[in-house]
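Results of the structural survey
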Amino acid sequence: MHSTTDLMVEIRKNESPVISDIEKIEIEIDNLPLDAAGIIEPKTLHEARFSIYFLAALALTEGKVTVENFTEKKVLDPELVVLRRKIKATGLSDIGLSSNVAIHMKDGKIYRRYTPDPKGSLEKPLSPEELKDKFRTTSGLPSETADKVIEKIMGLERIKSTNEILSLV
């Protein structure tokens, strides 16, 4: 799932496709994540967590998938419903986390991306800044609190007790 959302964010950032001009999207993803996230028509936020179709549409439309934009309202958003219905996902192999994406535009242009591994894997580790940004956007903490937690963790060798971190949240 993460490989695919990473590719969608990259395409959004570099190509800026007009969502209404997308004809179809083809996703080839390894069977493991496809089996885990194969819900085609999610109706609830819980189902959306297990829908590569929703996650890909959200990432492409908004350029990110975060706590703030991963909402029940987005699951039912008509624009995202239309877009996710243009997605066809197929399995590649039995084990792995790779993803291959092709976004076909109505004018014939195709945006393609492939990654063998998701960002944050052993093969493609996050930089310290990317890790901090990921914590800020996924922790659900106010940004000021998240920054204080990051500061404490970055100086872990100097704290006397984990309570110094826990008291922040």
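Here, every reference points to the structure presented above.
Along each chain, residue indices are assigned from 1 in the same order as the chain's sequence is written. For a predicted model such as this one, the threshold for reporting local features is a pLDDT of at least 70, and the threshold for listing and counting side-chain atom pairs is 80 or more; totals across whole chains, interfaces and linings nevertheless cover every residue. Based on all heavy atoms of the structure, the side-chain values leave hydrogens and waters out of the count.

What about the packing of aromatic side chains?
- Under the pairing criterion, centres of Phe, Tyr and Trp rings, with the six-membered ring standing for Trp, must be within 6.5 Å; the plane angle then separates stacked pairs below 30 degrees from edge-to-face pairs above 60, leaving the rest tilted. Throughout the structure, instances matching the rule amount to one aromatic pair.
- With a centroid separation of 5.6 Å and an interplanar angle of 70 degrees, the aromatic rings of Phe54 and Phe70 are classed as edge-to-face. Remark: Phe70 occurs in the loop between helix 4 (52-62) and helix 5 (72-75) and Phe54 occurs in helix 4; sequence separation between them is 16 residues. When sorted by exposure, Phe54 lands in the same class as Phe70, which is buried. Runs of H or I in DSSP of at least four residues are treated as helices and runs of E of at least two as strands, each being numbered from the N terminus. Accessibility here uses a 1.4 Å probe with only protein chains present; expressed as a share of the type maximum, an area under 20% marks a residue as buried, one over 50% as exposed, and anything in between as partly exposed.

Brief notes about the sheet that holds strand 3 (residues 99-105)
- When DSSP locates at least two bridges between a pair of strands, those strands are taken to pair. Within the open sheet, the four strands sit side by side as 2-1-3-4. Their pairing is mixed. Each edge of the sheet is formed by a strand with only one pairing partner; in this case those strands are strand 2 (87-91) and strand 4 (110-115). Taken over all neighbouring pairs, the strand axes of this sheet differ in orientation by 10 degrees on average, direction set aside.
- In this structure, strand 3 lies alongside strand 4, joined through six bridges in antiparallel fashion. Bridging across to strand 4, Val101 finds its partner in Arg113. Here, axes are lines fitted to C-alpha atoms. For helices the fit covers the stretch in contact, and angles between N-to-C directions go from 0 to 180 degrees.

Examining the pairing of strand 1 (residues 22-29)
- Bridging between strand 1 and strand 3 involves seven bridges; their strand directions are antiparallel. Paired with Glu28 across the strands is Asn100, a residue of strand 3.
- Across five bridges, the pairing between strand 1 and strand 2 is parallel. In the strand pairing of strand 2, Ile25 is matched with Ile87.

Notes on the packing of helix 1 (residues 2-15) against helix 4
- Two numbers describe how helix 1 lies on helix 4: the axes approach to 7 Å, and their chain directions differ by 25 degrees. Classified by the angle between their axes, helix 1 and helix 4 sit roughly parallel to one another. As for how helix 1 packs across helix 4, the hand of that crossing is right-handed. Listed contacts from helix 4 to Thr4, Thr5, Met8, Val9, Ile11 and Arg12 of helix 1 are Ile52, Leu55, Ala56, Ala59, Leu60 and Thr61. An angle below 35 degrees is read as roughly parallel, one above 145 as roughly antiparallel, one from 65 to 115 as roughly perpendicular, and any other as oblique. Left-handed describes a crossing whose near helix is turned anticlockwise from the far helix by less than a right angle; the clockwise case is right-handed. Residue contacts follow a heavy-atom distance rule, with two residues in contact if any of their heavy atoms lie within 4.5 Å.

Regarding unusual backbone geometry
- Non-glycine residue Ser16 carries a positive phi angle of around 45 degrees.
- Its place among the elements puts Ser16 in the loop between helix 1 and strand 1.

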